[in-house]
Amino acid sequence: MGRLASVYGQAVAAHRAGRAHLDAARRAVDTADQPIAPADLVARLARLGDALATPEPAPIADTPVAIRIGTASTADGGFPALVPLGGGHHLAVDADADDARVAGLLRAVVLRLLAAAPPGAVRVAGLDTTSLDAVGSRPAGVAVGPLRPLIDAGVLPGTGEGGIGALLGVAERHARAARQAGRADQELLVVVVGASPAPDAAARLAALTQAGPAAAVCVLAAGWPPPTDRPVLGGTTQVRLAEVYAHVGDPPGVPFSADGSGLAAPVLLDGDPPAAEVAALAERLSAPVNGVEVAALLPERRWTGSAAGGLRTVIGRVGPEPVAAALDRATPHWLVDGSAGRASFLLTMVHGLAARYAPADLRFHLLDVTGRAGFADLAPTEGDPSWLPHARAVGIEPDREYGVAVLRDLRRELRRRVAARKRHGVAAAADQPRIVAVVDGFEALLAGGDTLAREATDLLVELVRAGGPAGMHLVLAGPNPPGALPGRVAAALGRFALRVALPGEPRDAVADPPAGSALLSAPPHATRAVAHRPATGADAAVRLPDAHGAVVRLPDADGAVVRLPDEHAAVVRLPDAQAAAGELARLRRELWQARPTGSRPPSFFAGHATVRVEEDATFAGLRPGGRRPLALVGRTVDVDGTSALFIMDAAPGRHLAVVGASATGAAVLRAATLSLARQHAPGDARFLLAPLTGPADSAAEDTATTLAAAGHPVVQLDTAGLRAHLAALAAAFPGVTSGSPVGPADGSAGGVAASAPAAGRTYLVVFGADAAHEVLATADPETGRTGHDDLRALLRHGPGHGAHLLGWWRGLGPLADDLGDAREPEDLACLVALDVPGDELGAYLGVPDLWSPRPGRGLLVDRHDQRTRLIVPFTRRESDGEG
């Protein structure tokens, strides 16, 4: 009843508007019985034309409106020539759009139809939006030219330069849907045909004109009637061109109609509307058309979608109609191309999917390599503890290493799924959640031509090739890089059957895109329609009016293959995620509150952030009593943010050397020491601390204070004390003969007597070990033994006797000088390199091409396990005294 009442109310309103319009026309004509002079009649017709040609906007799908096409000419003056359009009425011109008069007329009629209807009530099919020529030979449309402002404003979503068959298919599907809907306010589809079609297409066109108002189609046919016998167009006003004037309503071959249906006066057709008129209409209609609410794209109920056949979400709208896109077998991956509005599009897409599918059915890996922190709000923050429950990993840094780590994690999952499918069949794969990996700025991962770029290429190609059948989908976004992508990547991106072209930078507006640029090329393997920048003009997306529109090629309703360029180009209006930030935050909290029991927050990677050992989950879980103590030094650059650590067992060489000029070395040494201390009960371990350089004083003092507060014995040493304790430790190892300690005559070192290892473990922690080089190089006058000899004995034999060295050297050269020939893993197995050049480190360890250092990163090297890991070293807050 509610729907019937609504339709009835709309019909009553339309009837009243029509009666008011008719009354105005009658008053203009003045139906007196007195004879009317020809000049007076012409004047009254002019007033009538003005009254009818300026109607208030109203639904026109089922009610025709009078549209001006030109000026009728008589000996006594002229008056507007009007034709009914909409509501089952159409227009035909006997010349095609190659004639400038016809092209101008068609554009003028389109403009006036848009002006006569509410925003979004008219959609136009057949205009050629891929060409800016004034008029061209267009078999299924007419060049848009002077109507460009309407395209740019998102008001006029033209449909490209496809063939007449596909255009008629669009119109026929629209007519079927309109008849089924039966709405009085149905969207009117205006079909512009620029030339005479072939016989089969002519029959389909005639059928459209005979379908009546319920079809909600208005045909503007140029080149009709064709030179051969064709079906009659129903409800169509015929325009015949003469040398200068046109005749309206006359059947072919008859100068003026005998039955009075034709206009017995020649008509000077209107040409292109003035530019100011077009701009004014674009401004009036753009606001209601362009505004897309995020709420309108979300489902009424959360988590009701089934991911068994794929994922689907609404990304925007064309006029009043929603535009949906899928991640499924036909369109397993998406490519998002453009600069403006990219982050907004990705955010609304992610939220749309998250609202439709439960975390059990969908997982996200979200990576922003651009550094704009577009996904930062999807992980918990200090101000908001909520997170998107579908997110497994969130990265917001321009960090290639982390990006490649995410791709590695995805490949591991892909191979696991492929193996499970081989063992257990398709059913096993269907039970697993779909994974959507969104990478914004993906082209940065491929830059540089180095080892990392080559690995990123290999990973992307494998994921593109095999990910779809395994339920793993990629959404790759980029600003359309100016240079060619690697050939293998370009070929892989050719598999992306769905593409979205957003506004780009001015450099994107080149007529010929760079060779090999997969972002601008048509996908050769497309099995469904695509959203894509037109291949005939890279400027199509650039000319979008703002960041909230995209050039899209909509799917064929029958799932047919659509090649580029095709007839389904349209401007999809997108929501503004920034304007809807509050709404998206409420949605995230809603989903977070409904998260399954036991859900964990996503791994969050912000490489610029300070990482302190006290905030590490592994550190918090350390307890006394473990058999093999762990020394924590940072977090691994991986999806899980795994703690980076070394095991300090009894194997020869289980010591830690932190190498690099950065003061972060002292913070890493502090973190390793405090983590070891947590694994010993008070009194079970002894800590010998030697702060030998000024930049380390604060970290060393903080370390000593924390250890003492935990009840651990702490001995602080200067260089002489370090020399004495090295000698004492070396003397305790069987088979090692040590010289007399170099220190005070009373045997003390720095005020504390040197002693051999006590029961339990001894940790010798040296901040700035290179500062002791001269002292350690001094030989004992009696034995000739140096401190370096004792140091190397400690390295080789100490772990077996519970003694470990943890040292920070401010350069690889000083470390090499102190160790001399003791460079084997049995001497020193564990290193953290900070700002050491990769070639120097590789030469020292005999492993080339290890890494490229940069601030905030370190390389963990475990020579026993043949393990290297890129890490974010533990640091200290500036308030803690870190430089």
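Residues numbered from 1 in each chain as written. Predicted model: local features only at pLDDT ≥ 70, side-chain atom pairs only at ≥ 80, totals over all residues. Heavy atoms only, no water.

Undergrad: So what exactly am I meant to see when it comes to the overall build of the chain here?
TA: A count of helices and strands for the chain gives 22 helices and 32 strands. Burial status across the chain gives 54% buried among its 883 residues. The long-range fraction of contacts in the chain, counting pairs at least 24 apart against all pairs at least 6 apart in sequence, stands at 76%. When the accessible surface of the chain is split by element, carbon and sulfur atoms take 54% of a total near 35200 Å². (Helix = DSSP H or I, 4+ residues; strand = E, 2+ residues; numbered from the N terminus. Buried < 20%, exposed > 50% of the residue type's maximum accessible area, 1.4 Å probe, protein only. Contact = heavy atoms within 4.5 Å. Areas by Shrake-Rupley, 256 points an atom, 1.4 Å probe, with all protein chains shown as cover.)

Undergrad: Please explain the packing of helix 21 (residues 812–819) against helix 22 (residues 838–845) as it appears in this structure.
TA: A pair of packed helices is captured by two measures, namely the crossing angle of their axes and the spacing between those axes. Taken N-terminus to C-terminus, the directions of helix 21 and helix 22 make an angle of 15 degrees; their axes are 11 Å apart at the nearest point. As summarised for this structure, helix 21 and helix 22 are arranged roughly parallel, according to the angle between their axes. Remark: the crossing between helix 21 and helix 22 carries left-handed chirality. Contacts between helix 21 and helix 22 pair L812, L815, A816 and L819 from the former with E840, L841 and Y844 from the latter. Split by residue class, the contact of helix 21 with helix 22 holds six nonpolar, no polar and one charged. (Axes fitted to C-alpha atoms, helices over the stretch in contact; angles between N-to-C directions. Parallel < 35°, antiparallel > 145°, perpendicular 65-115°, else oblique. Left-handed = near helix turned anticlockwise from the far one by under 90°. Nonpolar A, V, L, I, M, F, W, Y, C, P; charged D, E, K, R; others polar.)

Undergrad: I'm lost on the pattern of salt bridges in this one. Help?
TA: The final tally for this structure, using the stated rule, is 32 salt bridges. D450 is the salt-bridge partner of R400, the closest N and O atoms lying 2.7 Å from each other. Pair noted here: R400 is in helix 9 (residues 400–424) and D450 is in the loop between strand 15 (434–440) and helix 11 (451–466), with a separation of 50 residues, a long-range link. The exposure class of D450 is partly exposed, given its relative accessible area of 27%. Salt bridges sharing partners connect three or more residues here, namely R392, D409, R412 and D640. (Salt bridge = Lys/Arg side-chain N within 4 Å of Asp/Glu carboxyl O.)

Undergrad: How should I be thinking about helix 8 (residues 342–356) in this particular structure?
TA: Working note: α-helix, 3.6 residues per turn, so residues spaced by three or four point in the same direction. Taking 1.5 Å of rise per residue, the 15 residues of helix 8 would be expected to cover 21 Å, and the 22 Å separating its terminal C-alpha atoms lies within 8% of that figure. Along helix 8, 14 of the 15 residues are buried, which leaves the element largely enclosed by surrounding structure. (Expected span 1.5 Å × (residues − 1).)

Undergrad: For this particular structure, what's the right way to read the packing of aromatic side chains?
TA: Any aromatic ring pair is given by two values, namely how distant the centres are and how the planes are angled relative to each other. Throughout the structure, instances matching the rule amount to three aromatic pairs. Measuring from centroid to centroid gives 4.2 Å for Y402 and F605, while their planes differ by 5 degrees, and the two rings are stacked. Here the residue Y402 occupies a position in helix 9, and F605 occupies one in strand 20 (residues 603–605), the gap between them amounting to 203 residues. Note on F687 and Y763: the rings are 5.3 Å apart at their centroids and 25 degrees apart in plane angle, and the pair reads as stacked. Highlighted residues: F687 in strand 24 (residues 685–691) and Y763 in strand 28 (residues 761–767), separated in sequence by 76 residues. Y763 shares its class with F687; the two are buried. Over the ring of F619 we find R678, and its NZ or CZ is 4.6 Å from the ring centre. (Phe/Tyr/Trp six-rings, centres within 6.5 Å; stacked < 30°, edge-to-face > 60°. Lys NZ or Arg CZ within 6 Å of the ring centre and 35° of its normal.)

Undergrad: Just to check I follow, could you spell out the layout of surface pockets for this structure?
TA: Over the atoms, a rolled probe matching the size of one water molecule traces out where space is still vacant. Empty space within the largest pocket amounts to approximately 1300 Å³. In terms of lining residues, the largest pocket is bounded by 39 residues, among which P601, P602, S603, F604 and D640 are the most central. Counting residues per element, the ones that place at least two in the lining of the largest pocket are strand 13 (362–368), strand 14 (391–395), strand 20, helix 15 (617–620) and strand 21 (630–636). Looking at which element gives the most residues to the lining of the largest pocket, the answer is strand 20, with three residues. (1 Å grid on protein atoms, 1.4 Å probe; cavity = no way out; pocket = protein on both sides within 12 Å on 5 of 7 lines; lining within 4 Å. Points joined across faces, edges and corners; volume = space filled by probe spheres on them.)

Undergrad: For this particular structure, what's the right way to read the pairing of strand 14?
TA: On a regular strand, one side chain projects to one face of the sheet and the next to the other, so that they alternate. Most of strand 14 sits out of view: four of its five residues are buried. One ladder, built from four bridges, connects strand 13 with strand 14; its direction is parallel. Opposite L366, over in strand 14, you have V394 as the bridge partner. Strand direction decides the pairing type here: strand 14 and strand 20, joined by three bridges, are parallel. In the strand pairing of strand 20, G395 is matched with F605. (Pairing = 2+ DSSP bridges.)

Undergrad: Is there a simple way to think about the nonpolar core in this case?
TA: Residues F442, L476, V633, L656, L764, F767 and L815 are the most contacted members of the largest nonpolar core, which totals 118 residues. Formed by 47 residues, the second largest nonpolar core is a distinct cluster that contains V294, L298, L347 and A477. (Core = buried A, V, L, I, M, F, W, Y, C linked by side-chain atoms within 4.5 Å.)

Undergrad: Mind showing me how you'd approach the side chain of D328 here?
TA: Along the chain, the position of D328 falls in strand 11 (residues 321–328). Residue class for D328 comes out buried when judged on its relative accessible area of 13%. Within polar-contact distance, the side chain of D328 engages the backbone nitrogen of A330 at 3.1 Å. Within the local environment of D328, its side chain forms a polar contact with the backbone nitrogen of T331, the two atoms lying 2.9 Å apart. (Polar contact = N/O pair within 3.5 Å; in protein donor to acceptor, adjacent residues only side chain to side chain.)

Undergrad: For this particular structure, what's the right way to read helix 6 (residues 199–209)?
TA: Three or more residues of helix 6 are buried, namely A201, A202, L205, A206, L208 and T209. Buried positions in helix 6, seen along its axis, are confined to an arc of 155 degrees and lie on one side of it. Exposed side of helix 6, more than 90 degrees from the buried face: P199 and D200 are the residues found there. For helix 6, the elements touching its buried residues are strand 3 (90–93), helix 5 (164–181), strand 5 (188–193), strand 6 (217–222) and strand 7 (236–241). (Arc of directions from axis to C-beta.)

Undergrad: Just checking my understanding: could you explain the pairing of strand 29 (residues 803–809) for this structure?
TA: Counting buried positions along strand 29 yields seven of seven residues, so the element is predominantly enclosed. What you see with strand 29 is no split at all: A803, L805, G807 and W809 on one side and H804, L806 and W808 on the other are buried throughout. Taken together, the four bridges between strand 23 (residues 656–659) and strand 29 define a ladder with parallel strand orientation. Within strand 29, the position partnered with V659 by the bridge is W809.

Undergrad: I'm lost on the side chain of R356 in this one. Help?
TA: With respect to the element layout, R356 can be found in helix 8. Within the buried set, R356 has no salt-bridge partner at all; the shortest N-O distance to an opposite charge, 10 Å, is to E300. Not counting chain neighbours up to four residues away, the residues in contact with R356 comprise L297, L298, P299, W303, T304, G305, R312, T313 and V314. (Lys, Arg positive; Asp, Glu negative; His and termini not counted.)

Undergrad: What should I look at first to understand the environment of A577 in this one?
TA: One can find A577 in the loop between strand 19 (569–573) and helix 14 (581–593). C-alpha of A577 to C-alpha of L346: the two residues are 231 residues apart in sequence and 9.0 Å apart in space. Other than its neighbours up to four places away in sequence, A577 contacts S344, L347, T348 and L584.

Undergrad: Just to check I follow, could you spell out the confidence of the model for the chain for this structure?
TA: Per-residue pLDDT for the chain averages 79, and the proportion of residues at 70 or more is 74%. Across residues 506–543, where pLDDT falls below 50, the model places 123 contacts with residues more than four positions away in sequence or in other chains. Counting interchain partners and residues more than four positions distant, the pLDDT-below-50 stretch residues 554–569 has 55 contacts. (pLDDT = per-residue confidence, 0-100.)

Undergrad: I would appreciate a short explanation of the sheet that holds strand 31 (residues 858–862) in the present structure.
TA: Backbone-to-backbone hydrogen bonds pair the strands of a sheet. The strands run either parallel or antiparallel. Read across the sheet, ten strands follow the order 22-21-32-31-30-23-29-28-24-25 without closing on themselves; strand pairing throughout is mixed. Each having just a single partner strand, strand 22 (643–647) and strand 25 (714–716) make up the two edges of the open sheet. Averaged over neighbouring strand pairs, the angle between their axes works out to 25 degrees when direction is ignored. With five bridges joining them, strand 21 and strand 22 adopt antiparallel strand pairing. By the bridge assignment, L630 is partnered in strand 22 with I647.

Undergrad: Can you walk me through the environment of T228 in this structure?
TA: Along the chain, the position of T228 falls in the loop between strand 6 and strand 7. With 29 residues separating them along the chain, T228 and P199 place their C-alpha atoms 9.1 Å apart.

Undergrad: Is there a simple way to think about unusual backbone geometry in this case?
TA: One can expect most non-glycine residues to show negative phi and most peptide bonds to be in trans. In the segment running from W224 into P225, the intervening peptide bond is cis, with an omega of 5 degrees. Relative to the assigned elements, P225 resides in the loop between strand 6 and strand 7. Phi at W303 takes a positive value of approximately 60 degrees, unusual for a residue other than glycine. Topologically, W303 is positioned in the loop between helix 7 (275–290) and strand 10 (310–318). Phi angles above zero are rare outside glycine, and Q866 is one such case at about 50 degrees. Along the polypeptide, Q866 turns up in the loop between strand 31 and strand 32 (867–873). Judged by its relative accessible area of 71%, Q866 falls in the exposed class.

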